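Overview (structure and organization)
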Amino acid sequence: MLRSLSDGERNIGELAAPFAMSFAAASKHVRVLENAGLLQRRVEGRSPDGFTLAFHEIDLQPGGKWRIGMRAADGELHVSAGLMSANG
């Protein structure tokens, strides 16, 4: 991934493609590299590979429900959901 980034900016999908890994797995790898200070991530409202924020519902209280939906360029909706922990 770092070698690919040495040629210029890449989106998560472009970073994942050579490794046949999911968007989520590549995103986790990027987060680890960012936390190690090896790269700086730039987040945009619409990513280069077409994901847009479709909706978000967040109750920040402990035990509150959260749900976030992202829509891909092909129209498929990807939803993540969970409960807020007491630690945030």
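Calculation notes
Residues numbered from 1 in each chain as written. Predicted model: local features only at pLDDT ≥ 70, side-chain atom pairs only at ≥ 80, totals over all residues. Heavy atoms only, no water. Pairing = 2+ DSSP bridges. Helix = DSSP H or I, 4+ residues; strand = E, 2+ residues; numbered from the N terminus. pLDDT = per-residue confidence, 0-100. Buried < 20%, exposed > 50% of the residue type's maximum accessible area, 1.4 Å probe, protein only. Core = buried A, V, L, I, M, F, W, Y, C linked by side-chain atoms within 4.5 Å. Contact = heavy atoms within 4.5 Å. Expected span 1.5 Å × (residues − 1).

**Some thoughts on the pairing of strand β2 (residues 65-71)**
With seven bridges joining them, β2 and strand β3 (residues 77-83) adopt antiparallel strand pairing. The partner of Arg71 across the bridge, within β3, is Leu77. As consecutive antiparallel partners, β2 and β3 are separated by five residues, and within that stretch Gly75 has a phi angle of approximately 95°, a positive value.

**So, the confidence of the model for the protein chain**
Confidence along the protein chain averages 78 in pLDDT terms, with 82% of residues attaining 70 or more. Confidence, expressed as mean pLDDT per element, reaches its minimum in the protein chain at strand β1 (residues 52-58) with 70 and its maximum at helix α3 (residues 23-35) with 85.

**Observations concerning the environment of Met70**
You can see Met70 is positioned in strand β2. Classification of Met70 as partly exposed rests on a relative accessible area of 29%. For the pair Met70 and Ser80, spaced ten residues apart in sequence, the C-alpha separation works out to 8.6 Å.

**Quick word on the nonpolar core**
Listed in full, the eight residues of the largest apolar core are Met1, Ile12, Leu15, Ala16, Ala26, Val30, Leu33 and Leu39. Aside from chain neighbours lying at most four places away, what touches Leu33 is Met1, Leu2, Leu38 and Leu39.

**Here's the deal with α3**
Relative to the 18 Å expected for 13 residues at 1.5 Å per residue, α3 spans 18 Å between its end C-alpha atoms, a close match to the ideal helical length. In the core, the buried residues of α3 are packed alongside α1 (2-5) and α2 (12-16). A positive phi of about 80° marks Gly37, the residue just after α3.

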